[in-house]
Amino acid sequence: MLEGMDLKPHLIDLESERRVLSSMLHSEEACIEACNVLLPGDFYSPQHATVFELTSSLYEREITPTYVELIKQAHELGMLTSTRDIEDLGYIAEHYIYDGNIKFWIQKVRDKSRLRKFEYFLRKSYQILNEETDQDVEQILMTAEEELTNLTALEIDDRVDNPEDLAKLGYEEVERRFLRYKDIKERYKGVIPLDGLPTGFYNLNKVTLGYKPGDLIILGAQTGHGKTSFALHTANAIAIQNKSNLLYLNTEMSRPQIALRWGSILSGIEHERVRSGEINESELSQIFNGYSDLGRSGFYSYPCPNLTPEKTISIARKFKAQKNIDMMIIDYVGRMDKQDPRLQEWQVLEQIVKTQKMLAQNLQIVVMCLVQLNPDGTLQGAKRMKNESDLMLKLSPISKEEQDENEELKKFDIMPNYAIFIDKNRDGQSGIRIPIYFDLQRQILKDVKRVSV
Amino acid sequence: MGSMDSNSKKLYDAVATLILNLHMQKGDLNEEEMYCLLSILDLTLMGKNDRGLIGLLREWKANEPNPEIDDIIKATLLSMDFANLESDSQQKNIETIHDLLRYNKELRER
């Protein structure tokens, strides 16, 4: 686009470009940050754009992008072949910088890129002004304004929808729903297929139509009342049954603890017996089969006791780039490290939840945050959390008294002992309580089926 | 990635550029030799698990040259897949080098 232009020196910053590329060759953090923020077109030098593309592609294929790997990759593709290219590459590799500065250099590269785009916009507008004699003033100004607005938008994903775009989008959405409705009637005989990832519960699937990309889901439960079981039940439905890729961040449990949990979930054998090894040979083979399923699934676990909101961003970006994850579960946000000790608990939670919502939208993944409910079933900072979330669920036990007195509960195949309450649902009905059965010994959550009216 | 000190890093960058230039500018190394040396450089300085290969190469260089055995070791190295050193076939290649060095030692001691 800018080729052949006589650009002013202050619109070009080759030093920052080299520093970004150099740090990508030395730090994973730098790779994550640069791949997420920059595009090849942000580099002025075509060689730098090529090095950036090669480095990003190595990183996305999980090959550590060292100087040597970069040379090999470039050589194989017949790129960077002249003496000048090699000298440039050597110069880039020698400019090691400390990771902490990477954001600064990325910003500089991005700023110069935006300035060049602005310069191009001015040149183009000037050219239009000079060349077109019979001008539609309104049209020229409107096009220019739109282009300029898109330039000032801060994020890569940001764009302004003009009326035609919005109308087209709206019609396509309605058309898609119309065709789906027709399909449901004809092919699925009235059973609505999911729009997103399966929740693992029949009734929750019906109400939500699945967890959708960009959604932030908050699941609240009191201590010891099934947060992790809910998370692993969700992971089972999504990563093992549905074979989608899911990243599970746990702030409390160790690797062996998480691995052991799966043993009982996937084999249906009591957790305590799996933990103590008090099983027979046929149960051992049952457990082996369960773990084989886990081995073939899309479940990625990242135990991280000192998790911070910033860390979740870089981990999620890394797994999105390398494993193309569809969902991330954070178990649980209350254990995340505070960045600023002066902040109140609810302020920290609010910050975390906001960050996660942005992350879900930017990466187009589902993010589920597990939070702790107060002993009275309320949630600290609940209103703010509710505002940010697309779906807010509360998991709580059904009391013995209610089990005895509530006739409705007696109409299921198994007496429900827990319930999922849909506190907020941006895309559908809320205020609904879904009874389920929580098998505490096996740490398994189950649907309950209504057997009488 | 990451933990190299600045001297090691300078050495790494300089040697990588040198290997590249020996192939591209001077033509002293062919493409296969260049890839092989770059991979060994990565193994040596990037802290990757070399499965004992680097130790063997050190031993090789410390020994008196034996043109015949040196040629076989070189051919073995050139045929190796350095990205999959843990595979059975690559492990066999490492064992071959180990056996050749042992044989060379026996020859010298006779």
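One can find the structure itself at the top, above this paragraph.
Let me sum up the structure you'll find in this document.

About the thresholds
Residues numbered from 1 in each chain as written. Chains lettered and ligands numbered in written order. Predicted model: local features only at pLDDT ≥ 70, side-chain atom pairs only at ≥ 80, totals over all residues. Heavy atoms only, no water. Helix = DSSP H or I, 4+ residues; strand = E, 2+ residues; numbered from the N terminus. Contact = heavy atoms within 4.5 Å. Areas by Shrake-Rupley, 256 points an atom, 1.4 Å probe, with all protein chains shown as cover. Buried < 20%, exposed > 50% of the residue type's maximum accessible area, 1.4 Å probe, protein only. Patch = residues over 30% accessible without salt bridge, like charges linked within 9 Å, V, L, I, M, F, W, Y side chains within 5 Å. Salt bridge = Lys/Arg side-chain N within 4 Å of Asp/Glu carboxyl O. Axes fitted to C-alpha atoms, helices over the stretch in contact; angles between N-to-C directions. Parallel < 35°, antiparallel > 145°, perpendicular 65-115°, else oblique. Nonpolar A, V, L, I, M, F, W, Y, C, P; charged D, E, K, R; others polar. Buried area = accessible area lost by both parts, 1.4 Å probe. Left-handed = near helix turned anticlockwise from the far one by under 90°. Pairing = 2+ DSSP bridges. Core = buried A, V, L, I, M, F, W, Y, C linked by side-chain atoms within 4.5 Å. Expected span 1.5 Å × (residues − 1).

1. Quick notes on the overall build of chain B
In step 1: Counting its regular elements, chain B contains 5 helices and 0 strands.
In step 2: Tracing chain B from N to C terminus, the helices and strands come up as α-α-α-α-α.
In step 3: If you take every contact in chain B between residues at least 6 apart in sequence, the share linking residues at least 24 apart comes to 57%.
In step 4: Carbon and sulfur atoms make up 50% of the accessible area of chain B, which totals about 6,600 Å².

2. Describing the overall build of chain A
In step 1: For chain A, the helix and strand inventory stands at 17 helices and 9 strands.
In step 2: Relative to its full complement of 453 residues, chain A shows a buried share of 44%.
In step 3: Across chain A, the fraction of contacts at a sequence separation of at least 24, relative to all contacts at a separation of at least 6, is 69%.

3. Overview of a nonpolar patch on the surface
All names here are of chain A.
In step 1: On the surface, Leu115, Phe118, Leu122 and Leu148 cluster together to form a nonpolar patch covering roughly 310 Å² of accessible area.
In step 2: Top contributing element to the nonpolar patch by residue count: helix H6 (residues 102-131), with 3 residues.
In step 3: Within the fold, Phe118 resides in helix H6.

4. Details of the packing of helix H5 (residues 83-94) of chain A against helix H1 (residues 6-24) of chain B
In step 1: At a minimum axis separation of 10 Å, H5 of chain A and H1 of chain B run at an interaxial angle of 170 degrees. Relative to H1 of chain B, H5 of chain A is oriented roughly antiparallel. Contacts between H5 of chain A and H1 of chain B involve Ile86, Gly90, Ala93 and Glu94 of chain A from the first element and Lys9, Asp13, Thr17, Leu20, Asn21 and Met24 of chain B from the second.
In step 2: Partitioning the contact of H5 of chain A with H1 of chain B into residue classes produces 4 nonpolar, 3 polar and 3 charged.

5. So, the interface of chain A and chain B
In step 1: Contact residues are listed per partner, giving 24 residues for chain A and 21 residues for chain B.
In step 2: Approximately 1,900 Å² of surface area, both sides summed, lies buried where chain A meets chain B, with 68% of it carried by carbon and sulfur atoms.
In step 3: It is Val68, His75 and Ile86 of chain A in chain A that bury the most area against chain B; as a group they hold 32% of the surface buried on that side.
In step 4: The interface formed by chain A and chain B includes 0 salt bridges.

6. Examining the packing of helix H3 (residues 53-62) of chain B against helix H5 (residues 88-109) of chain B
Residue and element names in this part refer to chain B.
In step 1: At a closest axis distance of 10 Å, the pairing of H3 and H5 adopts a crossing angle of 25 degrees. Viewed along their axes, H3 and H5 adopt a mutual orientation that is roughly parallel. You can see that H3 and H5 cross each other, and the crossing is left-handed. Along its contact with H3, which presents Leu53, Leu56, Glu59 and Trp60, the element H5 presents Ile94, Ile97, His98 and Leu101.
In step 2: Residue composition of the contact of H3 with H5, grouped by class: 6 nonpolar, 1 polar and 1 charged.

7. Examining unusual backbone geometry
In step 1: Here the residue pair Asp331 of chain A and Tyr332 of chain A is connected by a cis peptide bond, since its omega of -5 degrees sits within 30 degrees of zero.
In step 2: Here Tyr332 of chain A lies in the loop between strand S4 (327-331) and helix H15 (345-363).
In step 3: Even without a glycine there, the phi angle at Lys243 of chain A is positive, about 60 degrees.
In step 4: When you line up the elements, Lys243 of chain A lands in the loop between helix H10 (227-241) and strand S2 (246-250).
In step 5: For Arg51 of chain B, which is not glycine, the phi dihedral falls at a positive 55 degrees.
In step 6: Tracing the backbone shows Arg51 of chain B in the loop between helix H2 (31-45) and H3.
In step 7: What makes Arg51 of chain B partly exposed here is its relative accessible area of 39%.

8. As for the pairing of strand S1 (residues 216-221) of chain A
All names here are of chain A.
In step 1: A large share of S1 lies buried, amounting to 6 of its 6 residues.
In step 2: By the bridge criterion, 6 bridges tie S1 to strand S5 (residues 366-372) in an arrangement that is parallel. Bridging from a neighbouring strand, Ala221 pairs with Gln372 of S5.
In step 3: As paired strands, S1 and strand S6 (residues 391-397) are joined by 4 bridges and run parallel to one another. From the neighbouring strand, Leu219 faces S6, where its bridge partner is Leu393.

9. Side note on the nonpolar core
In a soluble, globular protein the nonpolar side chains are often hidden away together inside.
In step 1: Judged by nonpolar contacts, the single largest core of 40 residues is most densely connected at Val20, Leu38 and Phe43 of chain A.
In step 2: Listing elements by their share of this core, those giving two or more residues are helix H1 (14-24), helix H2 (28-37), helix H3 (46-60), helix H4 (67-76), H5 and H6 of chain A together with H1 and H2 of chain B.
In step 3: If near-sequence neighbours (up to four positions away) are discounted, Val20 of chain A is found in contact with Ala34, Leu38, Phe43, Ile102, Trp105, Ile106 and Val109 of chain A.
In step 4: Within the second largest apolar cluster, 39 residues are counted, among which are Tyr211, Met253, Trp262 and Leu370 of chain A.

10. So, H6 of chain A
In step 1: Spanning 30 residues, H6 of chain A covers 43 Å between terminal C-alpha atoms, matching the ideal 44 Å at 1.5 Å per step.
In step 2: When we look at burial in H6 of chain A, the residues that qualify are Ile102, Trp105, Ile106, Val109, Arg110, Ser113, Arg116, Glu119 and Phe121 of chain A.

11. Brief notes about the pattern of salt bridges
In step 1: A full pass over the atoms with the stated rule returns 28 salt bridges over all chains.
In step 2: A salt bridge links Lys74 of chain B to Glu33 of chain B; the nearest nitrogen and oxygen atoms lie 2.8 Å apart. Taken together, the positions of Lys74 of chain B in helix H4 (residues 67-78) and Glu33 of chain B in helix H2 put the pair 41 residues apart, joining distant regions of the chain.
In step 3: Since its relative accessible area comes to 15%, Glu33 of chain B is described here as buried.
In step 4: What emerges from the salt-bridge pattern is a single network uniting Glu270, Arg273, Glu283, Asp439 and Arg442 of chain A.

12. Quick word on H1 of chain A
Side chains that are three or four residues apart share a direction in an α-helix, a result of its 3.6 residues per turn.
All names here are of chain A.
In step 1: Of all 11 residues making up H1, 8 are buried, and the element is well covered by its neighbours.
In step 2: Of the residues making up H1, those classed as buried are Ser16, Glu17, Arg18, Val20, Leu21, Ser22, Ser23 and Met24.
In step 3: Looking at the buried positions of H1, the neighbouring elements they touch are H2, H3, H5 and H6.

13. Some words on the environment of Val51 of chain A
All names here are of chain A.
In step 1: The topology assignment puts Val51 in helix H3.
In step 2: Once the C-alpha coordinates of Val51 and Ser22 are considered, the two residues, 29 residues apart in sequence, prove to be 9.9 Å apart.
In step 3: Setting aside residues up to four positions removed in sequence, Val51 forms contacts with Leu21, Leu70, Leu80, Leu89 and Ile92.

14. Comments concerning the side chain of His23 of chain B
In step 1: Within the fold, His23 of chain B resides in helix H1.
In step 2: Classification of His23 of chain B as buried rests on a relative accessible area of 17%.
In step 3: Excluding anything up to four places from it in sequence, His23 of chain B contacts His75 of chain A together with Leu29, Asn30, Glu31 and Met34 of chain B.

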